[in-house]
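Structural characterization, general
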Amino acid sequence: MTGGLILAVESSCDETGIAIVEDGRRIHANVVASQVAMHAASGGIVPEVAARAHLRWIVPTLDEAWATAGVTWGDIEAVAVTEGPGLAGSLLVGINFAKTLAYVQGKPLVPVNHLEGHLYAAWLADDTRPVPEPLFPLVALIVSGGHTFLIEMRDHLQYRLLGETVDDAAGEAFDKVGRLLGLPYPGGPAIMKAAEAAVRHDVVFPRAWLGDSFDFSFSGLKTAARRTIAVETDGQGTTIGEAALSPDRVAELADGFQESVIDVLVTKTLRAARQAGAKSVVLGGGVAANRVLRDRLADGATAAGIPLVVPRPALCTDNGAMIGAAAERRMAAGVRAGLDLDARPSLPLARR
Ligand code: KG4
Ligand code: ZN
(Lines give C-alpha, C1' and ligand atoms only; values in the text may rest on other atoms or scores of the structure.)
(Ligands and ions follow the chains in the order given, each with its own letter.)
Protein backbone atom coordinates (compact mmCIF):
# COMPACT_ATOMS: atom_id res chain seq x y z
CA MET A 1 0.00 0.00 0.00
CA THR A 2 1.26 3.49 -0.80
CA GLY A 3 -0.46 6.65 0.38
CA GLY A 4 -4.08 7.11 1.36
CA LEU A 5 -3.75 6.55 5.09
CA ILE A 6 -4.14 9.14 7.82
CA LEU A 7 -2.15 8.97 11.05
CA ALA A 8 -4.35 10.54 13.72
CA VAL A 9 -3.41 11.78 17.20
CA GLU A 10 -5.92 12.39 20.04
CA SER A 11 -4.86 13.74 23.44
CA SER A 12 -7.59 16.17 24.48
CA CYS A 13 -8.46 14.61 27.82
CA ASP A 14 -7.22 11.49 29.57
CA GLU A 15 -6.69 9.00 26.73
CA THR A 16 -3.63 9.05 24.49
CA GLY A 17 -4.91 7.77 21.15
CA ILE A 18 -3.05 7.11 17.91
CA ALA A 19 -4.74 5.53 14.91
CA ILE A 20 -4.07 4.75 11.29
CA VAL A 21 -7.24 5.05 9.21
CA GLU A 22 -7.98 4.51 5.51
CA ASP A 23 -10.68 6.48 3.64
CA GLY A 24 -12.16 7.74 6.91
CA ARG A 25 -13.65 4.29 7.37
CA ARG A 26 -11.19 1.41 7.62
CA ILE A 27 -9.17 1.13 10.84
CA HIS A 28 -5.64 -0.26 10.43
CA ALA A 29 -4.66 0.53 14.01
CA ASN A 30 -6.39 2.27 16.90
CA VAL A 31 -4.25 2.24 20.04
CA VAL A 32 -5.48 3.95 23.21
CA ALA A 33 -3.36 4.38 26.34
CA SER A 34 -5.91 5.07 29.07
CA GLN A 35 -5.17 7.06 32.20
CA VAL A 36 -8.42 5.97 33.84
CA ALA A 37 -6.77 3.76 36.46
CA MET A 38 -4.38 6.57 37.37
CA HIS A 39 -7.14 9.19 37.70
CA ALA A 40 -9.33 6.75 39.64
CA ALA A 41 -6.81 7.02 42.49
CA SER A 42 -7.40 10.79 42.73
CA GLY A 43 -11.15 10.50 42.02
CA GLY A 44 -10.91 12.63 38.88
CA ILE A 45 -8.59 14.19 36.33
CA VAL A 46 -5.76 16.44 37.49
CA PRO A 47 -4.83 18.38 34.31
CA GLU A 48 -1.06 18.56 34.95
CA VAL A 49 -0.95 14.85 35.72
CA ALA A 50 -2.91 14.10 32.53
CA ALA A 51 -0.53 16.15 30.37
CA ARG A 52 2.53 14.44 31.85
CA ALA A 53 0.98 11.02 31.24
CA HIS A 54 0.36 11.92 27.58
CA LEU A 55 4.06 12.83 27.29
CA ARG A 56 5.04 9.52 28.86
CA TRP A 57 2.78 7.37 26.64
CA ILE A 58 2.59 9.07 23.27
CA VAL A 59 5.74 7.49 21.75
CA PRO A 60 4.95 3.92 22.92
CA THR A 61 1.37 4.43 21.62
CA LEU A 62 2.72 5.39 18.19
CA ASP A 63 5.11 2.42 18.22
CA GLU A 64 2.23 0.07 18.91
CA ALA A 65 0.12 1.65 16.15
CA TRP A 66 2.89 1.04 13.60
CA ALA A 67 3.29 -2.55 14.79
CA THR A 68 -0.47 -3.20 14.61
CA ALA A 69 -1.00 -1.64 11.17
CA GLY A 70 2.17 -3.03 9.58
CA VAL A 71 2.57 0.05 7.39
CA THR A 72 5.32 2.69 7.02
CA TRP A 73 5.55 6.44 6.55
CA GLY A 74 5.39 5.91 2.78
CA ASP A 75 1.76 4.81 3.22
CA ILE A 76 0.76 7.89 5.20
CA GLU A 77 -0.80 10.80 3.37
CA ALA A 78 -1.35 13.19 6.28
CA VAL A 79 -1.06 13.63 10.02
CA ALA A 80 -4.26 14.64 11.84
CA VAL A 81 -4.56 15.96 15.38
CA THR A 82 -7.24 17.17 17.80
CA GLU A 83 -6.87 20.97 18.19
CA GLY A 84 -9.73 21.33 20.75
CA PRO A 85 -11.86 21.44 22.74
CA GLY A 86 -10.14 19.88 25.74
CA LEU A 87 -7.53 20.42 28.42
CA ALA A 88 -4.89 22.90 27.17
CA GLY A 89 -1.87 21.01 28.48
CA SER A 90 -3.13 17.66 27.17
CA LEU A 91 -3.99 19.09 23.76
CA LEU A 92 -0.54 20.68 23.46
CA VAL A 93 1.23 17.35 23.88
CA GLY A 94 -0.65 15.83 20.93
CA ILE A 95 -0.40 18.96 18.81
CA ASN A 96 3.37 19.34 19.26
CA PHE A 97 3.86 15.64 18.62
CA ALA A 98 1.76 15.72 15.43
CA LYS A 99 3.48 18.90 14.22
CA THR A 100 6.89 17.33 14.70
CA LEU A 101 5.87 14.19 12.79
CA ALA A 102 4.33 16.22 9.95
CA TYR A 103 7.38 18.49 9.70
CA VAL A 104 10.01 15.76 9.82
CA GLN A 105 8.11 13.51 7.38
CA GLY A 106 6.99 16.32 5.08
CA LYS A 107 3.26 15.47 5.46
CA PRO A 108 0.30 17.86 5.60
CA LEU A 109 -1.14 18.56 9.06
CA VAL A 110 -4.94 18.39 9.43
CA PRO A 111 -6.56 19.91 12.55
CA VAL A 112 -9.74 18.25 13.85
CA ASN A 113 -12.39 19.33 16.34
CA HIS A 114 -12.68 16.63 19.02
CA LEU A 115 -16.50 16.74 18.89
CA GLU A 116 -16.42 16.34 15.13
CA GLY A 117 -14.37 13.22 15.82
CA HIS A 118 -17.12 11.83 18.07
CA LEU A 119 -19.61 12.46 15.23
CA TYR A 120 -17.45 10.86 12.54
CA ALA A 121 -16.86 7.75 14.63
CA ALA A 122 -20.26 6.79 13.15
CA TRP A 123 -18.59 6.42 9.73
CA LEU A 124 -15.95 3.95 10.93
CA ALA A 125 -16.38 0.40 9.68
CA ASP A 126 -16.60 -2.37 12.26
CA ASP A 127 -15.10 -5.82 11.72
CA THR A 128 -17.23 -7.26 14.52
CA ARG A 129 -20.67 -6.37 13.04
CA PRO A 130 -22.10 -4.56 10.02
CA VAL A 131 -22.84 -0.86 10.60
CA PRO A 132 -24.86 1.15 8.09
CA GLU A 133 -23.29 4.36 6.79
CA PRO A 134 -25.14 7.42 8.16
CA LEU A 135 -27.45 9.15 5.66
CA PHE A 136 -28.21 12.89 5.43
CA PRO A 137 -30.06 14.68 6.80
CA LEU A 138 -29.17 13.24 10.17
CA VAL A 139 -29.61 14.17 13.79
CA ALA A 140 -26.74 13.33 16.14
CA LEU A 141 -26.67 13.16 19.91
CA ILE A 142 -23.15 13.59 21.24
CA VAL A 143 -22.85 12.90 24.96
CA SER A 144 -19.45 12.96 26.63
CA GLY A 145 -17.78 13.98 29.86
CA GLY A 146 -17.55 17.61 28.77
CA HIS A 147 -20.35 18.01 26.22
CA THR A 148 -23.97 17.18 25.52
CA PHE A 149 -25.49 18.37 22.28
CA LEU A 150 -27.93 17.65 19.51
CA ILE A 151 -26.70 18.46 16.01
CA GLU A 152 -28.36 18.42 12.64
CA MET A 153 -26.18 17.62 9.63
CA ARG A 154 -27.50 18.08 6.09
CA ASP A 155 -24.12 17.30 4.52
CA HIS A 156 -20.54 16.50 5.50
CA LEU A 157 -18.88 19.05 7.80
CA GLN A 158 -22.10 21.09 8.08
CA TYR A 159 -23.38 21.34 11.59
CA ARG A 160 -26.40 23.11 13.01
CA LEU A 161 -26.77 23.17 16.76
CA LEU A 162 -30.28 22.14 17.82
CA GLY A 163 -29.59 22.05 21.55
CA GLU A 164 -26.92 21.70 24.20
CA THR A 165 -26.62 21.44 27.94
CA VAL A 166 -27.18 24.64 29.84
CA ASP A 167 -25.19 23.36 32.83
CA ASP A 168 -23.54 19.95 33.37
CA ALA A 169 -22.71 17.53 30.57
CA ALA A 170 -24.44 14.14 30.80
CA GLY A 171 -21.13 12.34 31.47
CA GLU A 172 -20.23 14.90 34.12
CA ALA A 173 -23.56 14.20 35.87
CA PHE A 174 -22.81 10.46 35.78
CA ASP A 175 -19.34 11.09 37.22
CA LYS A 176 -20.58 13.39 40.01
CA VAL A 177 -23.47 11.16 41.07
CA GLY A 178 -21.19 8.13 40.87
CA ARG A 179 -18.95 9.83 43.42
CA LEU A 180 -21.95 10.63 45.68
CA LEU A 181 -22.91 6.95 45.58
CA GLY A 182 -19.39 5.95 46.57
CA LEU A 183 -18.74 4.32 43.18
CA PRO A 184 -15.30 4.36 41.52
CA TYR A 185 -14.25 6.89 38.87
CA PRO A 186 -15.39 7.27 36.14
CA GLY A 187 -19.00 7.25 37.32
CA GLY A 188 -20.60 6.43 33.95
CA PRO A 189 -19.62 2.79 33.58
CA ALA A 190 -19.83 2.30 37.37
CA ILE A 191 -23.44 3.57 37.51
CA MET A 192 -24.40 1.43 34.51
CA LYS A 193 -22.97 -1.65 36.22
CA ALA A 194 -24.54 -0.83 39.60
CA ALA A 195 -27.95 -0.19 38.00
CA GLU A 196 -27.92 -3.63 36.39
CA ALA A 197 -28.24 -5.10 39.89
CA ALA A 198 -31.37 -3.08 40.73
CA VAL A 199 -34.27 -5.36 41.62
CA ARG A 200 -36.82 -2.60 42.22
CA HIS A 201 -37.16 0.32 39.80
CA ASP A 202 -39.19 2.70 41.91
CA VAL A 203 -36.69 5.50 42.48
CA VAL A 204 -37.86 8.38 40.30
CA PHE A 205 -35.74 11.48 39.92
CA PRO A 206 -36.94 14.66 38.14
CA ARG A 207 -36.57 15.25 34.38
CA ALA A 208 -35.70 18.72 33.11
CA TRP A 209 -37.72 19.01 29.88
CA LEU A 210 -37.18 22.77 29.40
CA GLY A 211 -40.41 23.10 27.42
CA ASP A 212 -40.10 22.54 23.66
CA SER A 213 -36.40 23.35 23.68
CA PHE A 214 -33.78 20.84 22.57
CA ASP A 215 -31.47 22.05 25.34
CA PHE A 216 -30.60 19.85 28.29
CA SER A 217 -30.09 20.48 31.99
CA PHE A 218 -28.69 17.97 34.48
CA SER A 219 -27.76 20.10 37.48
CA GLY A 220 -31.25 19.88 39.05
CA LEU A 221 -31.13 16.10 38.77
CA LYS A 222 -27.68 16.05 40.36
CA THR A 223 -28.96 18.21 43.23
CA ALA A 224 -32.01 15.96 43.70
CA ALA A 225 -29.75 12.90 43.78
CA ARG A 226 -27.43 14.60 46.26
CA ARG A 227 -30.33 15.49 48.53
CA THR A 228 -31.82 11.99 48.45
CA ILE A 229 -28.45 10.38 49.16
CA ALA A 230 -27.73 12.83 51.97
CA VAL A 231 -31.09 12.20 53.63
CA GLU A 232 -30.68 8.44 53.34
CA THR A 233 -27.15 8.47 54.69
CA ASP A 234 -27.62 10.45 57.89
CA GLY A 235 -31.10 11.90 57.96
CA GLN A 236 -29.63 15.40 58.25
CA GLY A 237 -28.67 15.91 54.67
CA THR A 238 -25.12 16.83 55.55
CA THR A 239 -22.73 13.90 55.40
CA ILE A 240 -22.54 11.77 52.35
CA GLY A 241 -20.79 8.45 52.35
CA GLU A 242 -21.19 5.01 50.89
CA ALA A 243 -21.11 3.29 54.26
CA ALA A 244 -24.71 4.20 55.03
CA LEU A 245 -26.08 2.91 51.73
CA SER A 246 -26.51 -0.81 51.14
CA PRO A 247 -25.39 -2.16 47.74
CA ASP A 248 -29.08 -2.79 46.92
CA ARG A 249 -29.93 0.84 47.62
CA VAL A 250 -26.95 2.06 45.57
CA ALA A 251 -28.25 -0.07 42.69
CA GLU A 252 -31.77 1.41 42.95
CA LEU A 253 -30.52 4.99 43.15
CA ALA A 254 -28.11 4.41 40.24
CA ASP A 255 -31.00 2.97 38.23
CA GLY A 256 -33.30 5.91 39.03
CA PHE A 257 -30.62 8.43 38.09
CA GLN A 258 -29.67 6.66 34.87
CA GLU A 259 -33.33 6.36 33.81
CA SER A 260 -33.87 10.08 34.30
CA VAL A 261 -30.85 11.04 32.13
CA ILE A 262 -31.65 8.52 29.41
CA ASP A 263 -35.37 9.36 29.25
CA VAL A 264 -34.60 13.01 28.47
CA LEU A 265 -31.77 12.21 26.03
CA VAL A 266 -33.82 9.69 24.05
CA THR A 267 -37.08 11.66 24.01
CA LYS A 268 -35.44 14.88 22.76
CA THR A 269 -33.29 13.11 20.18
CA LEU A 270 -36.27 11.30 18.65
CA ARG A 271 -38.36 14.47 18.59
CA ALA A 272 -35.50 16.34 16.87
CA ALA A 273 -35.06 13.52 14.35
CA ARG A 274 -38.75 13.52 13.43
CA GLN A 275 -38.82 17.30 13.16
CA ALA A 276 -35.72 17.36 10.91
CA GLY A 277 -37.00 14.56 8.68
CA ALA A 278 -33.80 12.68 9.53
CA LYS A 279 -32.76 9.62 7.53
CA SER A 280 -30.36 8.53 10.29
CA VAL A 281 -29.91 9.07 13.99
CA VAL A 282 -26.28 9.07 15.17
CA LEU A 283 -25.18 8.52 18.76
CA GLY A 284 -21.64 9.24 19.94
CA GLY A 285 -19.37 10.34 22.81
CA GLY A 286 -18.32 8.45 25.93
CA VAL A 287 -21.82 8.18 27.42
CA ALA A 288 -22.89 6.40 24.21
CA ALA A 289 -21.00 3.41 25.60
CA ASN A 290 -23.99 3.04 27.96
CA ARG A 291 -25.92 -0.10 27.06
CA VAL A 292 -29.31 1.15 28.29
CA LEU A 293 -29.00 4.38 26.30
CA ARG A 294 -27.97 2.47 23.16
CA ASP A 295 -30.85 -0.01 23.46
CA ARG A 296 -33.48 2.58 24.33
CA LEU A 297 -32.51 4.89 21.45
CA ALA A 298 -32.30 1.95 19.04
CA ASP A 299 -35.83 0.85 20.01
CA GLY A 300 -37.23 4.37 19.65
CA ALA A 301 -35.48 4.99 16.32
CA THR A 302 -36.69 1.66 14.94
CA ALA A 303 -40.25 2.50 15.99
CA ALA A 304 -39.89 5.85 14.18
CA GLY A 305 -38.53 4.09 11.07
CA ILE A 306 -35.15 5.83 11.28
CA PRO A 307 -31.97 3.71 11.50
CA LEU A 308 -29.70 4.40 14.47
CA VAL A 309 -25.96 4.40 13.83
CA VAL A 310 -23.88 3.98 16.95
CA PRO A 311 -20.23 2.91 17.03
CA ARG A 312 -19.17 0.05 19.27
CA PRO A 313 -18.38 1.28 22.82
CA ALA A 314 -14.59 1.42 22.29
CA LEU A 315 -15.15 3.88 19.42
CA CYS A 316 -17.58 6.00 21.47
CA THR A 317 -15.05 6.86 24.16
CA ASP A 318 -12.03 8.96 23.16
CA ASN A 319 -9.79 7.37 20.53
CA GLY A 320 -7.61 8.29 17.55
CA ALA A 321 -9.65 6.52 14.85
CA MET A 322 -12.54 8.96 15.18
CA ILE A 323 -10.09 11.83 14.60
CA GLY A 324 -8.79 10.04 11.49
CA ALA A 325 -12.37 9.59 10.23
CA ALA A 326 -13.15 13.30 10.57
CA ALA A 327 -9.73 14.27 9.17
CA GLU A 328 -10.44 12.43 5.90
CA ARG A 329 -13.43 14.71 5.24
CA ARG A 330 -11.61 17.83 6.33
CA MET A 331 -8.64 17.00 4.13
CA ALA A 332 -10.94 16.51 1.14
CA ALA A 333 -12.35 19.97 1.92
CA GLY A 334 -8.83 21.43 1.83
CA VAL A 335 -8.42 22.06 5.56
CA ARG A 336 -4.74 22.25 6.60
CA ALA A 337 -2.88 23.67 9.59
CA GLY A 338 0.51 25.34 9.68
CA LEU A 339 3.25 24.67 12.20
CA ASP A 340 1.84 27.55 14.23
CA LEU A 341 -1.21 25.42 15.13
CA ASP A 342 -2.15 26.05 18.76
CA ALA A 343 -4.45 24.33 21.25
CA ARG A 344 -8.02 25.69 21.31
CA PRO A 345 -9.43 24.50 24.66
CA SER A 346 -12.90 26.02 24.05
CA LEU A 347 -13.23 25.40 20.31
CA PRO A 348 -16.96 25.24 19.42
CA LEU A 349 -18.39 22.89 16.79
CA ALA A 350 -21.59 24.48 15.63
CA ARG A 351 -23.91 27.43 15.87
CA ARG A 352 -27.67 27.52 16.06
O1 KG4 B 1 -16.00 11.04 25.20
P2 KG4 B 1 -15.30 10.69 26.46
O3 KG4 B 1 -14.45 9.45 26.48
O4 KG4 B 1 -14.38 11.88 26.92
C5 KG4 B 1 -14.79 13.20 26.77
O6 KG4 B 1 -14.61 13.74 25.63
O7 KG4 B 1 -15.37 13.73 27.74
O8 KG4 B 1 -16.43 10.61 27.60
C9 KG4 B 1 -16.13 10.31 28.94
C10 KG4 B 1 -17.44 10.28 29.71
C11 KG4 B 1 -17.25 10.16 31.22
O12 KG4 B 1 -18.07 11.12 31.85
C13 KG4 B 1 -17.75 8.75 31.52
O14 KG4 B 1 -18.32 8.60 32.81
C15 KG4 B 1 -18.79 8.56 30.44
O16 KG4 B 1 -18.23 9.16 29.30
N17 KG4 B 1 -19.07 7.13 30.18
C18 KG4 B 1 -20.27 6.56 30.42
C19 KG4 B 1 -20.11 5.17 30.13
N20 KG4 B 1 -18.81 4.97 29.70
C21 KG4 B 1 -18.21 6.19 29.73
N22 KG4 B 1 -21.42 7.06 30.88
C23 KG4 B 1 -22.46 6.21 31.05
N24 KG4 B 1 -22.38 4.89 30.81
C25 KG4 B 1 -21.25 4.33 30.35
N26 KG4 B 1 -21.18 3.01 30.11
ZN1 ZN C 1 -14.51 12.88 23.94
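Structure shown above.
The present account deals with the structure reproduced in this document.

Rules of the game
- Residues numbered from 1 in each chain as written.
- Chains lettered and ligands numbered in written order.
- Predicted model: local features only at pLDDT ≥ 70, side-chain atom pairs only at ≥ 80, totals over all residues.
- Heavy atoms only, no water.
- Axes fitted to C-alpha atoms, helices over the stretch in contact; angles between N-to-C directions.
- Helix = DSSP H or I, 4+ residues; strand = E, 2+ residues; numbered from the N terminus.
- Parallel < 35°, antiparallel > 145°, perpendicular 65-115°, else oblique.
- Left-handed = near helix turned anticlockwise from the far one by under 90°.
- Contact = heavy atoms within 4.5 Å.
- Nonpolar A, V, L, I, M, F, W, Y, C, P; charged D, E, K, R; others polar.
- 1 Å grid on protein atoms, 1.4 Å probe; cavity = no way out; pocket = protein on both sides within 12 Å on 5 of 7 lines; lining within 4 Å.
- Points joined across faces, edges and corners; volume = space filled by probe spheres on them.
- Expected span 1.5 Å × (residues − 1).
- Buried < 20%, exposed > 50% of the residue type's maximum accessible area, 1.4 Å probe, protein only.

Turning our attention to the packing of helix α8 (residues 247-276) against helix α9 (residues 291-303). Geometrically, a packed helix pair is captured by the angle between its two axes and the distance between the axes. Relative orientation of the contacting elements α8 and α9 amounts to 30°, with a least axis distance of 10 Å. Relative to α9, α8 is oriented roughly parallel. Here the hand of the crossing between α8 and α9 comes out right-handed. Within the contact between the two elements, α8 uses Gln258, Glu259, Ile262, Leu265, Val266, Thr269 and Leu270 and α9 uses Val292, Leu293, Arg296, Leu297, Gly300 and Ala301. Its residues placed into classes, the contact of α8 with α9 shows eight nonpolar, three polar and two charged.

It is worth spelling out empty space enclosed by the protein at this point. Per the counting criterion, the structure on display carries one cavity of 30 Å³ or more. Roughly 50 Å³ of volume is contained in the largest cavity. Along its surface, the largest cavity is lined by Ala121, Ala122, Leu124, Ala125, Asp126, Arg129, Val131, Val309, Val310, Pro311, Arg312 and Leu315. Class assignment for the residues of the lining of the largest cavity results in nine nonpolar, no polar and three charged.

Residues separated by three or four positions in an α-helix point in the same direction, a consequence of the helix having 3.6 residues per turn. For helix α3 (residues 88-105), built from 18 residues, the straight-helix expectation of 26 Å at 1.5 Å per residue is met to within 8% by its first-to-last C-alpha distance of 25 Å. Buried within α3 are the following residues: Ser90, Leu91, Val93, Gly94, Ile95, Phe97, Ala98, Lys99, Leu101 and Ala102. Considering only its buried residues, α3 is in contact with β1 (5-10), β2 (15-22), α2 (47-69), β4 (76-84) and β5 (109-113). Just beyond α3, the residue with positive phi is Gly106, at close to 65°.

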